[in-house]
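Okay, here's what each chain looks like letter by letter:
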Amino acid sequence: MKLPRSIAGWTIAVFGVLALLMGAVGLLWPEAQLRMLGLEVPETRAVGDHTGTFLLASSMAAFNMGVYYLLATVTEWRVFYRFTVVFRLVTFTVFTIAVLADIAPDRFFGVAAWEGLGAVATAIGLRLDARRGAPGGAGATPAVDASGDVGDAGAAPADAVR
């Protein structure tokens with residue numbers, strides 16, 4: 001895999017790797033995932049308790065999201081970076097409200113903080129990249145090369161490392 005070419009790309013790559021890893025933990029060791037989130041892990045579950053099913057689905061979603069973020073990093077897809085800033089701030093807000101409303105345990109605020117700080121870090125990275133003229137800086141739009149790869153105008157296509 002190619003290393004990120006921008007500050008914002010690094011923030012997206014870090015989030016992508018962590019989402020991929022945390023998704024894998026939830027798939028392979030769900031009890032550990034629940035404990036990290038501050039959620040109860042009872043000895044047995046009641047009939048109709050679908051916690052395991054929900055954890056399986058959300059862990060698979062996190063794993064897939066990690067792949068999407070890493071793909072965006074490889075292609076330096078800055079439109080995606082900007083999109084994540086907005087929606088990670090929405091996620092921060094929703095998760096914070098869940099903690100304040102006693103819907104989620106206090107430790108779940110760590111997830112909210114991770115989303116909020118990640119959004120701010122990516123926003124700062126985007127601004128710094130635009131100022132220094134990093135690959136795909138201000139005003140760059142994704143371009144599709146002859147092979148159909150999406151990347152930034154003027155940037156090497158995603159498969160240039162092959």
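Residues numbered from 1 in each chain as written. Predicted model: local features only at pLDDT ≥ 70, side-chain atom pairs only at ≥ 80, totals over all residues. Heavy atoms only, no water.

(A) Expanded view of the overall build of the protein. Regarding its fold elements, the protein presents five helices and two strands. Along the protein, helices (α) and strands (β) appear in the sequence α-α-α-α-α-β-β when read from the amino end. Each of the 162 residues in the protein was classed as buried or not, and the buried ones make up 33%. (Helix = DSSP H or I, 4+ residues; strand = E, 2+ residues; numbered from the N terminus. Buried < 20%, exposed > 50% of the residue type's maximum accessible area, 1.4 Å probe, protein only.)

(B) Up close: unusual backbone geometry. Unusually for a residue other than glycine, Glu76 sits at a positive phi of about 50 degrees. Relative to the assigned elements, Glu76 resides in the loop between helix H3 (51-75) and helix H4 (78-100). With relative accessibility at 0%, the residue Glu76 sits in the buried group.

(C) Region of the structure containing the pattern of salt bridges. Scanning all chains against the criterion turns up four salt bridges. Salt-bridge contacts for Arg78 lead to Glu76; the nearest nitrogen and oxygen are separated by 2.9 Å. Just as Arg78 is buried, Glu76 falls in that class too. A salt bridge links Arg132 to Asp129, with the shortest nitrogen-to-oxygen separation between them at 3.5 Å. With Arg132 and Asp129 both in helix H5 (residues 109-132) and three residues apart, the pair spans about one turn of that helix. One network of salt bridges, with partners in common, ties together Glu76, Arg78, Asp129 and Arg132. (Salt bridge = Lys/Arg side-chain N within 4 Å of Asp/Glu carboxyl O.)

(D) Local environment of the nonpolar core. In terms of nonpolar packing, the biggest core is built from 10 residues, these being Ala8, Ile12, Phe15, Ala19, Tyr69, Ala72, Phe80, Tyr81, Val85 and Leu126. Top element by residues in this core is helix H1 (residues 7-28). It accounts for four residues. When residues no more than four places from it in sequence are discounted, the contact partners of Val85 are Ala119, Thr122, Ala123 and Leu126. In terms of nonpolar packing, the next biggest core, distinct from the first, is built from five residues, Leu37, Ala98, Ala104 and Phe108 among them. (Core = buried A, V, L, I, M, F, W, Y, C linked by side-chain atoms within 4.5 Å. Contact = heavy atoms within 4.5 Å.)

(E) Structural detail: a nonpolar patch on the surface. Taken together, Leu3, Trp10, Val14, Val17, Leu18, Leu21 and Trp114 make up a surface patch of nonpolar side chains, about 650 Å² in accessible area. With five residues, H1 is the largest single contributor of residues to the nonpolar patch. Of note, Trp114 is situated in helix H5. (Patch = residues over 30% accessible without salt bridge, like charges linked within 9 Å, V, L, I, M, F, W, Y side chains within 5 Å. Areas by Shrake-Rupley, 256 points an atom, 1.4 Å probe, with all protein chains shown as cover.)

(F) Expanded view of the packing of aromatic side chains. Overall, the coordinates contain eight aromatic pairs when judged by the stated rule. Between Phe92 and Phe109, the aromatic rings sit 6.4 Å apart at their centres with planes inclined by 65 degrees, giving edge-to-face as the arrangement. Placement of the pair is Phe92 in helix H4 and Phe109 in helix H5, with a sequence separation of 17 residues. Judged by relative accessible area, which is 27%, Phe92 ranks as partly exposed. A network of ring pairs unites the aromatic residues Phe15, Tyr69, Trp77, Phe80, Phe83, Phe87 and Trp114 as a single cluster. Sitting over the face of the ring of Phe15, Arg88 holds its NZ or CZ atom 3.7 Å from the ring centroid. (Phe/Tyr/Trp six-rings, centres within 6.5 Å; stacked < 30°, edge-to-face > 60°. Lys NZ or Arg CZ within 6 Å of the ring centre and 35° of its normal.)

(G) Representation of the side chain of Ser59. Inspection of the secondary structure assignment puts Ser59 in helix H3. Residue class for Ser59 comes out buried when judged on its relative accessible area of 2%. The contacts of Ser59, once residues within four sequence positions are left out, are Gly23, Gly26 and Leu27.

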